[in-house]
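Fold and contact review
The primary structure of each chain is shown beneath.
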Amino acid sequence: MGGSRITAEDVARKAGVSRATVSYVLNNHPHQTIPEATRQKVLEAAAELDYTPLASARILSRGRSDVVVMLIPDWPLGSVLPQVMDSVGDGLAPFGLELFLHRCIPGRPVRNLWNAITPAAVIRVGSLGAEEDESLQRSQIGYLLELANTELERGLVLFPGVQTGRLQAEHLASRGHRRIGYAWPADNRLEGFATARLEGVRMACADLGLDPPEVRTSSFAPQEAAAAVAAWVSSGVTAVCAFNDELAMALIEAGHRQGLAIPGALGVVGVDNLPWGAHCVPSLSTVAPNPERIGRVIAEYVVAGVSGSTAQPARVGGSFISLIERDSA
């Protein structure tokens, strides 16, 4: 072929079929019945020639691309979301769908993305704001799957924040702690997650007859973590629900530096189940999501939606999280 691009006409000549037949087979056209022997000839010819259809041609033939766009707000990605995305991508791949992550930056309307991509589906992870959410509802983007960060929002709930906070507080109470603190993250982008988790802690404390949690903002900076720990201990707090594992480990380190026995003087429980949490001293108790399962469920909804299924997402609840008991609480 002299280095030129392989075309559908080349595949048709090699397979001994028409150009239209090649298009029907490679685009898996739903309204044509191609004999299996013919279909195999086309697929073998395309493989031998290493032919890849142009994305623009596939869009024209089907009205959409093979791309599934996952929209996320401008959050720190952390460690759980990338694992979820890997699982979603693995679940979509057998159906010829490719996952594309788009981080939504304030001031850049999401609708501009549709000028470049005609997605098969869009996964909205958390609210993008009222205007953007409404724009998504009105847009011609195929299937839209709305995921909620917490039970406090509309959408499919796969990592329930309120239930997460409940598990943290109930675990500490089961260990005999009566005065509980909550470590609020310093990063304002995490406010939605933190609000739901704190609400769960508050609800559990109320149900168990405990005082409301003492909330203090902290970051990973040693001096801020140390100040928070000192303030909690001086006020009689004996255990802390940390927003996540990273913050929990910062508090444990701060406690060590102040000569506190962990968990004797201060118990700590985190969220996320980071791998290194099991190796810190003491090992970190945590609320663990199941990113592989979460990703599989997302992929199943998308595949069903793209295929035209009328099934509606359900609110899943707490079945995707569990408490891992270790030594820190």
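Predicted model only: the values in this text are computed from it and were never measured.

Conventions we followed
Residues numbered from 1 in each chain as written. Predicted model: local features only at pLDDT ≥ 70, side-chain atom pairs only at ≥ 80, totals over all residues. Heavy atoms only, no water. Helix = DSSP H or I, 4+ residues; strand = E, 2+ residues; numbered from the N terminus. Buried < 20%, exposed > 50% of the residue type's maximum accessible area, 1.4 Å probe, protein only. Contact = heavy atoms within 4.5 Å. Areas by Shrake-Rupley, 256 points an atom, 1.4 Å probe, with all protein chains shown as cover. Pairing = 2+ DSSP bridges. Phe/Tyr/Trp six-rings, centres within 6.5 Å; stacked < 30°, edge-to-face > 60°. Lys NZ or Arg CZ within 6 Å of the ring centre and 35° of its normal. Core = buried A, V, L, I, M, F, W, Y, C linked by side-chain atoms within 4.5 Å. Salt bridge = Lys/Arg side-chain N within 4 Å of Asp/Glu carboxyl O. 1 Å grid on protein atoms, 1.4 Å probe; cavity = no way out; pocket = protein on both sides within 12 Å on 5 of 7 lines; lining within 4 Å. Points joined across faces, edges and corners; volume = space filled by probe spheres on them. Nonpolar A, V, L, I, M, F, W, Y, C, P; charged D, E, K, R; others polar. pLDDT = per-residue confidence, 0-100. Axes fitted to C-alpha atoms, helices over the stretch in contact; angles between N-to-C directions. Parallel < 35°, antiparallel > 145°, perpendicular 65-115°, else oblique. Left-handed = near helix turned anticlockwise from the far one by under 90°.

The helix and strand inventory of the protein chain stands at eleven helices and eleven strands. For the protein chain, with 329 residues in total, the buried portion stands at 48%. Intrachain contacts of the protein chain at a sequence separation of at least 6 include 72% that bridge at least 24 residues. With an accessible surface of roughly 15,800 Å², the protein chain has 52% of that area assigned to carbon and sulfur atoms.

Moving on, we get to the pairing of strand S4 (residues 143-148). In terms of burial, S4 is a largely internal element, six of the six residues being buried. With burial as the criterion, each face of S4 is covered, one bearing Tyr143, Leu145 and Leu147 and the other bearing Leu144, Glu146 and Ala148. With two bridges joining them, S4 and strand S5 (residues 156-157) adopt parallel strand pairing. Residue pairing across strands places Ala148 opposite Val157, the latter belonging to S5.

All told, the structure shown has one aromatic pair when counted by the stated rule. Each ring, one from Trp75 and one from Phe193, has its centre 4.8 Å from the other, and the planes form 70°; the classification is edge-to-face. Of the two residues, Trp75 sits in the loop between strand S1 (67-72) and helix H5 (80-92) while Phe193 sits in helix H8 (residues 191-207), which places them 118 residues apart along the sequence. Residue Trp75 is classed as buried on the basis of its relative accessible area of 9%. Seen from the ring of Phe243, Arg197 lies directly overhead, with NZ or CZ sitting 4.5 Å from the centre.

What follows deals with the nonpolar core. Counting 68 residues, the largest nonpolar core has Ile123, Leu145 and Ile298 as its most contacted members. Val11, Ala12, Ala15 and Val22 belong to the second largest nonpolar core, which has 13 residues in total.

Here we take up the pattern of salt bridges. In a structure, side chains of opposite charge can pair up when their charged atoms sit close to one another. By the definition in use, this model includes 13 salt bridges. With a shortest N-O distance of 3.2 Å, Lys14 and Glu48 are connected by a salt bridge. With a gap of 34 residues between them, Lys14 in helix H1 (residues 8-15) and Glu48 in helix H3 (residues 36-49) connect regions that are remote in the sequence. With a shortest N-O distance of 3.6 Å, Glu214 and Arg179 are connected by a salt bridge. Of the two residues, Glu214 sits in strand S7 (residues 214-218) while Arg179 sits in the loop between helix H7 (161-174) and strand S6 (180-185), which places them 35 residues apart along the sequence. Accessibility expressed as a relative area gives 17% for Glu214, which makes it buried.

This brings us to the layout of surface pockets. If you add up the space inside the largest pocket, you get close to 670 Å³. Lining the largest pocket are 33 residues; nearest its centre among them are Leu77, Val80, Leu81, Phe193 and Arg197. Of all the elements in the fold, those that place two or more residues in the lining of the largest pocket are H5, S4, H8, helix H10 (245-257) and helix H11 (291-306). Looking at the lining of the largest pocket element by element, the count peaks at three residues for H5. Of the residues belonging to the lining of the largest pocket, the class tally is 23 nonpolar, six polar and four charged.

Detailed conclusions should not be drawn from predicted coordinates in areas where pLDDT is low. Averaged over the protein chain, the pLDDT score is 85; the fraction of residues at 70 or greater is 88%. When the criterion is pLDDT under 50, residues 55-61 qualifies, and its contacts beyond four places in sequence or with other chains add up to nine contacts.

What follows concerns the environment of Gln223. Turning to its location among the elements, Gln223 is positioned in helix H9 (residues 222-234). Since its relative accessible area comes to 57%, Gln223 is described here as exposed. Along the backbone, Gln223 and Ala254 are 31 residues apart, and their C-alpha atoms lie at a distance of 8.2 Å.

Following both chains from N to C, one finds H5 and H11 inclined at 45°, their axes separated by 7 Å at the closest point. On the basis of their axis angle, the class for H5 and H11 is oblique. In the packing of H5 onto H11, the handedness of the crossing is right-handed. Touching Val80, Gln83, Val84, Ser87, Val88, Gly91 and Leu92 of H5 are Pro291, Glu292, Ile294, Gly295, Arg296, Ile298, Ala299, Val302 and Val303, all from H11. Partitioning the contact of H5 with H11 into residue classes produces ten nonpolar, four polar and two charged.

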